[in-house]
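Here's the letter readout for the chains.
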Amino acid sequence: MKNIANIGNIPKEYMYDSEFDTKLKTILIGDAIGTEKFYVNIDFVKPGGESVKYHSHSKQEEFYLIISGKGILRIDGEEISIKKGDVISAPAGKDSGHQFINNSEEILQILDIGTREKDDIITYPDENIMYIKDKNLVFNINDSIKNWTSEPNE
């Protein structure tokens, strides 16, 4: 693995939907050049597409730069118009849900940088889902156990 590459020469194995057949294409730049503590991606969202499902992270912090295009940032339950040049911080925490929606006629291009965190829990509030990525475990929040306690002497 090289620690330097040209964005035009990133191998297809580091691209999600390299043919851009769906509404989202992602280039995994950090993975291609070996970043370990953070990831760096470029996301391309076609008109009418979404970057990801609305979600938040328990540990992972993210940063975004809108490289080109415009759209809507759904963050913390609000919808905010975004455009080329806007920078966004999505700190870790249950109340910092985020998602980009392309409601324009042009491709929305986003530089996406975030920390790599062990045992990060990703919450998808629209679906009541929690996902522990490192362990590939998915839980429905509505399936909670009633009357459970951590107290060992009850």
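Everything numeric in this text was worked out from a predicted model, so none of it was measured.

### Concerning the pattern of salt bridges
Inference 1: Tallied over the full model, the rule gives five salt bridges.
Inference 2: Ionic pairing is found between D31 and R116, a salt bridge with its closest N-O pair at 2.5 Å. Placement of the pair is D31 in helix 1 (residues 29-33) and R116 in the loop between strand 10 (108-115) and strand 11 (121-124), with a sequence separation of 85 residues.
Inference 3: A salt bridge links D86 to K83, with the shortest nitrogen-to-oxygen separation between them at 3.6 Å.
Inference 4: Accessibility expressed as a relative area gives 49% for K83, which makes it partly exposed.

### Description of the nonpolar core
Inference 1: Ranked by size, the top nonpolar core spans twelve residues in total: L24, V45, Y64, I66, L73, I75, I82, I88, A90, F100, L108 and I110.
Inference 2: Breaking this core down by element, the ones donating at least two residues are strand 5 (62-68), strand 6 (70-75), strand 8 (87-90) and strand 10.
Inference 3: For L24, the contacting residues outside a window of four places in its chain are Y16, D17, D43, F44, V45, E50 and S51.
Inference 4: Judged by nonpolar contacts, the second largest core, of ten residues, contains Y14, A32, F44 and L111.

### Looking at the sheet that holds strand 6
Inference 1: Pairing in this open sheet of three strands is antiparallel, and the strands run 7-6-9 from one edge to the other. The two strands at the open ends of the sheet, each matched to only one other strand, are strand 7 (78-83) and strand 9 (98-101). Pairs of neighbouring strands in the sheet enclose a mean axial angle of 25°, with direction left out of account.
Inference 2: When strand 6 meets strand 9, the two strands line up antiparallel, connected through four bridges. By the bridge assignment, R74 is partnered in strand 9 with Q99.

### Quick look at unusual backbone geometry
Inference 1: Within the chain, D76 stands out as a residue other than glycine whose phi angle is a positive 50°.
Inference 2: Residue placement: D76 occurs in the loop between strand 6 and strand 7.
Inference 3: We note that N136 has phi near 50°; this positive angle belongs to a residue other than glycine.
Inference 4: If you trace the backbone, N136 turns up in the loop between strand 12 (129-132) and strand 13 (137-140).
Inference 5: Its relative accessible area of 57% is what places N136 among the exposed residues.

### Things to note about the packing of aromatic side chains
Inference 1: Under the definition given, this model contains one aromatic pair.
Inference 2: Relative to F100, the ring of Y64 lies with its centre 4.9 Å away and its plane at 75°, an arrangement referred to as edge-to-face. Of the two residues, Y64 sits in strand 5 while F100 sits in strand 9, which places them 36 residues apart along the sequence. You'll find Y64 and F100 in the same group, each marked buried.
Inference 3: Across from the ring centre of F44, 4.9 Å away, lies the NZ or CZ of K25, which sits over that ring.
Inference 4: Sitting over the face of the ring of Y54, R74 holds its NZ or CZ atom 3.8 Å from the ring centroid.

### Considering the side chain of S51
Inference 1: If you trace the backbone, S51 turns up in the loop between strand 3 (38-45) and strand 4 (56-57).
Inference 2: Here S51 is in contact with L24, V45, Q99 and F100, once residues within four sequence places are set aside.

### Quick notes on a nonpolar patch on the surface
Inference 1: Where nonpolar side chains cluster on the molecular surface, the patch consists of M130, L137, F139 and I141 and spans about 310 Å² of accessible area.
Inference 2: Looking at L137, the relative accessible area reads 36%, which means it is partly exposed.

Basis of the calculations
- Residues numbered from 1 in each chain as written.
- Predicted model: local features only at pLDDT ≥ 70, side-chain atom pairs only at ≥ 80, totals over all residues.
- Heavy atoms only, no water.
- Salt bridge = Lys/Arg side-chain N within 4 Å of Asp/Glu carboxyl O.
- Helix = DSSP H or I, 4+ residues; strand = E, 2+ residues; numbered from the N terminus.
- Buried < 20%, exposed > 50% of the residue type's maximum accessible area, 1.4 Å probe, protein only.
- Core = buried A, V, L, I, M, F, W, Y, C linked by side-chain atoms within 4.5 Å.
- Contact = heavy atoms within 4.5 Å.
- Pairing = 2+ DSSP bridges.
- Axes fitted to C-alpha atoms, helices over the stretch in contact; angles between N-to-C directions.
- Phe/Tyr/Trp six-rings, centres within 6.5 Å; stacked < 30°, edge-to-face > 60°.
- Lys NZ or Arg CZ within 6 Å of the ring centre and 35° of its normal.
- Patch = residues over 30% accessible without salt bridge, like charges linked within 9 Å, V, L, I, M, F, W, Y side chains within 5 Å.
- Areas by Shrake-Rupley, 256 points an atom, 1.4 Å probe, with all protein chains shown as cover.

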